[in-house]
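Residue strings, one per chain:
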Amino acid sequence: ILYKVSEDIGTVLNLDEVLEKIMDSIFEVFPQADRGFVMFEDPATSEMVPKVIRKRNSKPGEQIKVSVSKTIIQTAFKEKKSILSSDAMGDDRFAEGLSIVNFGIRSMMCSPLFVGEEKLGVIHLDTQDQSKRFTPDDLSLLQGIGRQAAISIKNAKLVADIAAEAQKRNSLQRFLSPDIADRVLSGEIELKLGGDAKFGTVFFSDIIGFTRMASILPP
């Protein structure tokens, strides 16, 4: 199963396609899963934002609501391990999660996505079928899929970052020299609306025979 998942997602370099492929694989591997989503952390707010949401047998145009336990996600990140709840409605970790009851979630799995020490996000799965709860073996399999998914997501992000930087560089070089464009992209020079006011002195001088002299001198 892991080999097939690796084949399915390993050659895709577009982030949106990678996420869809991950969900395709997960829903094929776990037929008891009713809902699944991949969430990334927003760097500005530290809030978890869904990037792909899937519901089995969803209707066209149906709005799929996301309900997760912040405690579970924080624990998964802190301990860097996948978390299983075979009885979500009776799990003390969901004590404040009224949405767990509202959605009738019986069992869930949450796997953090890490590449080295870099935190990318989580894969979350849940089911409403009481007779098909997730097992420790399911959790181990999801954890293996999560490791491969994290690498594919990281690669897709790198490709997107390179493409975005190349596009930005091309745009800057239409107006700036390559050297200045590189210094802008590295953060050495900040481009901002209005610029900066500076005081300076400009010295003008006319040199006799400069054209002839310059013709034999280096720039």
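This text follows the structure it describes.
Residues numbered from 1 in each chain as written. Predicted model: local features only at pLDDT ≥ 70, side-chain atom pairs only at ≥ 80, totals over all residues. Heavy atoms only, no water.

Colleague: Just checking my understanding: could you explain the pairing of strand 5 (residues 118-127) for this structure?
Modeller: Most of strand 5 is tucked away, with eight of its 10 residues classed as buried. As paired strands, strand 1 (residues 35-41) and strand 5 are joined by six bridges and run antiparallel to one another. Across the sheet, Arg-35 pairs through a bridge with Asp-126, a residue of strand 5. With nine bridges joining them, strand 4 (residues 107-115) and strand 5 adopt antiparallel strand pairing. Bridging from a neighbouring strand, Pro-112 pairs with Val-122 of strand 5. Hairpin connection between strand 4 and strand 5: a loop of two residues separates the two successive antiparallel strands, and Gly-116 in this loop has a positive phi of roughly 65°. (Buried < 20%, exposed > 50% of the residue type's maximum accessible area, 1.4 Å probe, protein only. Helix = DSSP H or I, 4+ residues; strand = E, 2+ residues; numbered from the N terminus. Pairing = 2+ DSSP bridges.)

Colleague: Where do I start with the sheet that holds strand 5 in this structure?
Modeller: Each strand in a sheet pairs with another by means of backbone hydrogen bonds, the pair being arranged parallel or else antiparallel. Reading across from one edge, 2-1-5-4-3 is the order of the five strands in this open sheet, with antiparallel pairing throughout. Sheet topology places strand 2 (48-55) and strand 3 (83-85) at the edges, where each strand pairs with a single neighbour. The average angle at which neighbouring strand axes cross in this sheet is 15°, direction not considered. Bridge count for strand 3 against strand 4 is three bridges, and the pairing is antiparallel. Directly across from Leu-84, in strand 4, lies its bridge partner Met-109. Along the sheet, helix 3 (residues 70-79) contacts strand 1, strand 2, strand 3, strand 4 and strand 5; its crossing angle with strand 4, the most-contacted strand, is approximately 40°. Contacts between helix 5 (residues 136-173) and the sheet are confined to strand 1, strand 3, strand 4 and strand 5, with strand 4 contributing the most and set at about 35° to the helix. (Axes fitted to C-alpha atoms, helices over the stretch in contact; angles between N-to-C directions. Contact = heavy atoms within 4.5 Å.)

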